[in-house]
Amino acid sequence: MIFPNPDAGTRTQGPVEVKSPWGNRNKLRGWWRVLAVPRRRRLQRELAFVLGSGDRLAALTDGQLDALLIETRRALRSAVARSGMQGAVGFRPQALALLAETAFRQLGLRAEPNQLVAALAMADGQVVELAACGGKTLAIALAAVLGAWAGRVCHVLAASELLAARHAADMTPLFARCGVEVTALTSATPPEAAGAAYRADVLYTTSRRMLLDSIRERRLPGAPGPARRGGTVPMDHDGLQLALVDDADRVLIDEASTPFMLSEPGDNPVLLTAISLARRLCDRFDPATHYRFEGRRIRFTRAGLAMLDVIANELPALWQAPRRRDELMMQAILVRDRLVRDQHYVVQKDPQGQGARVAFGDVAVADLLPERTMHVGLTQAIEAREGLPLTHPPRTADRLSYQAFFARYHRIAGCASSLGGLEDELWRIYGLVSQRLRDAGTAQAVVQHRVVTDAAARVDIAVDAVVAWVSSDHAVLIGLQKVDSFRPMVEALRRRGIEPRVLGAAPPVSADFVISPCEVLIVPEPLLAGADVRLNRPRTPLALMLPEQLESARAERAFWARGARLGTTRVGLRLIDLAHRDVPGWLQRAHRIMGRQARVAPLAASSLGMRLLLRRAVFQSRRRAAKGARFQRHQLFLHEQQLRLQLAFATARPSGNPAPTPSPTGESHATFKP
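Please read these numbers as outputs of a predicted model, since none were measured by experiment. (Residues numbered from 1 in each chain as written. Predicted model: local features only at pLDDT ≥ 70, side-chain atom pairs only at ≥ 80, totals over all residues. Heavy atoms only, no water.)

Engineer: How would you summarise the sheet that holds strand E2 (residues 154-158) if you had to cite specific residues and measurements?
Structural biologist: With parallel pairing, the 7 strands of this open sheet are ordered in space as E3-E4-E2-E5-E12-E1-E13. Each edge of the open sheet is held by one strand with a lone partner, namely strand E3 (182-184) and strand E13 (433-436). Within the sheet, the average angular offset between the axes of one strand and its neighbour, ignoring direction, is 15 degrees. Bridge count between strand E1 (residues 126-129) and strand E12 (residues 411-416): 3 bridges; the pairing is parallel. Within the sheet, the bridge partner assigned to Val-127 lies in E12 and is Gly-414. Set on the sheet, helix H7 (residues 136-149) makes contact with E2, strand E4 (202-206), strand E5 (242-246) and E12; between it and E5 the angle comes to about 180 degrees. Running over the sheet, helix H17 (residues 423-430) touches E1, E12 and E13 and is turned about 150 degrees from E13. (Pairing = 2+ DSSP bridges. Helix = DSSP H or I, 4+ residues; strand = E, 2+ residues; numbered from the N terminus. Axes fitted to C-alpha atoms, helices over the stretch in contact; angles between N-to-C directions. Contact = heavy atoms within 4.5 Å.)

Engineer: Go over the pattern of salt bridges, please, and point to the residues and values.
Structural biologist: This structure, assessed with the given rule, holds 24 salt bridges. With its nearest N and O atoms 3.0 Å apart, the salt bridge here joins Asp-213 to Arg-209. Of this pair, Asp-213 and Arg-209 both sit in helix H10 (residues 207-219), 4 residues apart, which is roughly one turn of the helix. For Glu-423, the salt bridge goes to Arg-436, with nearest N and O atoms at 2.7 Å. In this pair, Glu-423 is assigned in helix H17 and Arg-436 in strand E13, connecting sequence segments 13 residues apart. (Salt bridge = Lys/Arg side-chain N within 4 Å of Asp/Glu carboxyl O.)

Engineer: An account of the environment of Ala-121 is requested, with residue identities and associated values reported.
Structural biologist: With respect to the element layout, Ala-121 can be found in helix H6 (residues 113-123). Note on Ala-121: relative accessible area 1%, which makes it buried. C-alpha of Ala-121 to C-alpha of Cys-415: the two residues are 294 residues apart in sequence and 9.6 Å apart in space. Beyond its immediate sequence surroundings of up to four residues, Ala-121 is in contact with Leu-43, Gln-126 and Val-128. (Buried < 20%, exposed > 50% of the residue type's maximum accessible area, 1.4 Å probe, protein only.)

Engineer: Would you mind going over the packing of aromatic side chains in detail, with residue names and values included?
Structural biologist: For the structure shown, the criterion picks out 8 aromatic pairs. Ring plane angle 70 degrees and centroid distance 5.2 Å describe the contact between Phe-559 and Trp-560, whose orientation is recorded as edge-to-face. This pair shows no difference in class: Phe-559 is buried, exactly as Trp-560 is. By way of ring pairs, the aromatic residues Phe-405, Phe-406, Tyr-409 and Tyr-430 are connected into one cluster. Between the NZ or CZ atom of Arg-110 and the centre of the ring of Phe-104, over which it lies, the distance is 3.8 Å. Just above the ring of Trp-319 sits the side chain of Arg-324; from NZ or CZ to the centre is 5.6 Å. (Phe/Tyr/Trp six-rings, centres within 6.5 Å; stacked < 30°, edge-to-face > 60°. Lys NZ or Arg CZ within 6 Å of the ring centre and 35° of its normal.)

In structure tokens:
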């Protein structure tokens, strides 16, 4: 059943107004800390009531419990109809106590105090940091039922489609007994069933699917989407009501660095001409005379700047501006000097039989480009290098940023394993107050650190450790950044008689994360968010390994917590590679000067200084990357805000002014950000 929105009659119908939190909250930096204190005290009082009601509710029969569930749901809905969402505050402790008892009877799961506090906080519109493997699934389900009982359509956004489908299926008995309709929307859902999915009380899906359907419903009137709820409700304030975000740090922060764009075939002959000329002109630049590499960036010498001034006259007029000219030549030089065929990209046969085409490999080419603007035409620059016919780059048909999309919701909340200092940004962008709930009872894995100096040593040490674990009946989980980056290790394991399972070739299913004794499972980083590890045999010791560091410290902390709730012995091994791109060159030279010429340098007491230096170098590198990503998200939101203000100014014309006449050529006008 879809509960009506009690505030629908008091709000004006029309497009949703995108909020601008960056402008409003920049002056209140850290204000979320002040707001978090009284809310935390209220959560503790409500938790005491919930815990105190447990024995009384446990004595009820199933019939009495069902009658009390119906009565509480009606009372909560009536209170919201009278006083809005504030009317639900007084009923939440009683409702949550009932839901906790219902979850125990239906699922066999007894909600812990931290899970109850997390459910209350999310129902109040806050983001919660729970310990990894701290039971976020049950806490989000309890908060979703509270939201549905309050008459709000709830969208639960998981990190992957696998998690969305699994959590919806696992929590269905709880939702069914509470009178709440739940469904999951994934790529396997038929298109004709999408409308019915959006009409459910609680919808489990991913943020990428929500953004894609939002763009589709904006471009195709009547298409099912999150705001239209299957085409029955117009796109107004009633469309997007409540969002509960699982892995909020990944969805709201990491994935929000780039907008979601819908592309269509384009036609840009001017760009193709400039890229062809740049390919020929870059042969005049010599690395010893005209430029040098400083990390990812190219620094032109005086001779190089003079050469740029000379070749500017040979470029099209649009590309003679200094910044455009420099980025065009930087791109051509990077493609010539840094990109390696069959490593960064491959040339393969077009499946349509129209010659060859360029496909990017597993090595992140974006990490080699200093500017995001240099991504435009990168495929065409590679085609020019390989002598292939240049294809027209796709044109952006529509775009939607995560910040603008989530601003459409009445209320958003979420849960994360580790916020890692993101509380201030969550407040400034989304207006979210953060609460940290620590679980002191979670056992930590015993992790050993080893320093390796080259790729061959890394493979040897990793394989030897895996063989030792398998011989002692351990289940082994290996996390890595890319699947193909560890092909040598997979081949080495096969030579030692071990056949590992590698995820990533096909969409994973729940059974993929069940590990048996003496089995090795390799999971790439994009799938680690859904790696809910389960053991085929209870009490099987679990071994965790990171042969290389992950992108962030938050991801590594979540990895080491895998299997924490299984009640088994866990050991870990982390290899620190001195040749990694995050390790500065001066530290590698210091390692050689210290006399560590062996292939492997164990972290003994004599190498404590090197261990501290490595940790500091990795910390500084990640800090710089996080700062750059934060600045990029800030600029993205300001750009979206500027576009919105320009569109509002264009549509808000005085009644006496006629609409502008179209161009005689029929071309549309565009406004570019300077």
